[in-house]
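Here is how the chains run, residue by residue.
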Amino acid sequence: MSEFQTALDLAQIATAAAAAVAAGVAVWQSKMTKQQIDSRLRPWIGTKEIMIAQDKIEVVLTNYGGLPALSAVGKSDLSDKVLTIADLKGQDDKNTMGTIMPNSEKFYIMELSDDPHKKILSFGYVVEYTYAGGKQGEYGMIAKLGAGNRRFEIIQEWTK
């Protein structure tokens, strides 16, 4: 009887351990699923196209995500040096862009100086927005003038 009781006790311990492991795996899977849903079901703003004209730089932004970007506000800068993220976030001028719906485009326009001697080496912008549940999002890009002085190359992009 004692051997039977020992085997029964070991079986119960093994069953309890297996149940604890299964519960841990289930909790982990549910957290991973929530993270995956949160990362997919959110706005994902990105640069679709950059167009350069004589008097302006026009950027086409697209929301590649599944939810709208609400209350989007852009800040930008044009400079004769290579810009940094801190330069852009420190800008006081804000461009209210409103809502950027999924799969839609918004145009972000930066007017160029009338001074023909002012050389533009780089430009950048950051778009801050909210989305479902008051969460905060951000997309930014910095580009510098490339070869031939008629084409900008993206040197840094980020999203939060």
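Below or above, wherever it landed, is the structure these notes cover. Keep in mind the model is a prediction, meaning the values are calculated, not measured. (Residues numbered from 1 in each chain as written. Predicted model: local features only at pLDDT ≥ 70, side-chain atom pairs only at ≥ 80, totals over all residues. Heavy atoms only, no water.)

Quick word on the overall build of the protein chain
Here is step 1 of the chain: The number of helices and strands found in the protein chain is two helices and eight strands.
Here is step 2 of the chain: Going residue by residue from the N terminus, the α and β elements of the protein chain occur as α-β-β-β-α-β-β-β-β-β.
Here is step 3 of the chain: Classification of the 160 residues of the protein chain by burial places 28% in the buried group.
Here is step 4 of the chain: Contacts spanning at least 24 positions in sequence make up 59% of the contacts within the protein chain whose residues lie at least 6 apart. (Helix = DSSP H or I, 4+ residues; strand = E, 2+ residues; numbered from the N terminus. Buried < 20%, exposed > 50% of the residue type's maximum accessible area, 1.4 Å probe, protein only. Contact = heavy atoms within 4.5 Å.)

Details of the sheet that holds strand E4 (residues 95-100)
Here is step 1 of the chain: Taken in spatial order, the five strands make up an open sheet running E4-E3-E6-E7-E8, and their pairing is antiparallel. Since the sheet does not close on itself, it has two edges, and those belong to E4 and strand E8 (152-159), each with one partner. Here the average twist between neighbouring strands, direction ignored, is 20°. (Pairing = 2+ DSSP bridges. Axes fitted to C-alpha atoms, helices over the stretch in contact; angles between N-to-C directions.)

Points about the pattern of salt bridges
Here is step 1 of the chain: A full pass over the atoms with the stated rule returns four salt bridges.
Here is step 2 of the chain: Salt-bridge contacts for Lys 48 lead to Glu 105; the nearest nitrogen and oxygen are separated by 2.6 Å. With Lys 48 in strand E1 (residues 45-52) and Glu 105 in strand E5 (residues 105-111), this pair connects stretches of sequence that are 57 residues apart.
Here is step 3 of the chain: The class of Glu 105 is partly exposed, set by a relative accessible area of 38%. (Salt bridge = Lys/Arg side-chain N within 4 Å of Asp/Glu carboxyl O.)

Here's the deal with unusual backbone geometry
Here is step 1 of the chain: The backbone of Ser 71 sits at a positive phi, close to 50°, despite the residue not being glycine.
Here is step 2 of the chain: Topologically, Ser 71 is positioned in strand E3 (residues 69-79).
Here is step 3 of the chain: For Asn 103, which is not glycine, the phi dihedral falls at a positive 60°.
Here is step 4 of the chain: Inspection of the secondary structure puts Asn 103 in the loop between E4 and E5.

Side note on the packing of aromatic side chains
Each aromatic ring pair is described using two quantities: the centre-to-centre distance and the angle formed by the ring planes.
Here is step 1 of the chain: Scanning all chains against the criterion turns up four aromatic pairs.
Here is step 2 of the chain: When the ring of Tyr 108 is compared with that of Tyr 125, the centres are 5.5 Å apart and the planes differ by 25°; the resulting orientation is stacked. A residue pair is termed long-range when its members are at least 10 positions apart, and Tyr 108 in strand E5 and Tyr 125 in strand E6 (residues 122-131) qualify at 17 residues. With respect to burial, Tyr 108 and Tyr 125 carry one shared label: buried.
Here is step 3 of the chain: Arranged with centres 6.3 Å apart and planes meeting at 45°, the rings of Tyr 129 and Tyr 131 form a pair that is tilted. (Phe/Tyr/Trp six-rings, centres within 6.5 Å; stacked < 30°, edge-to-face > 60°.)

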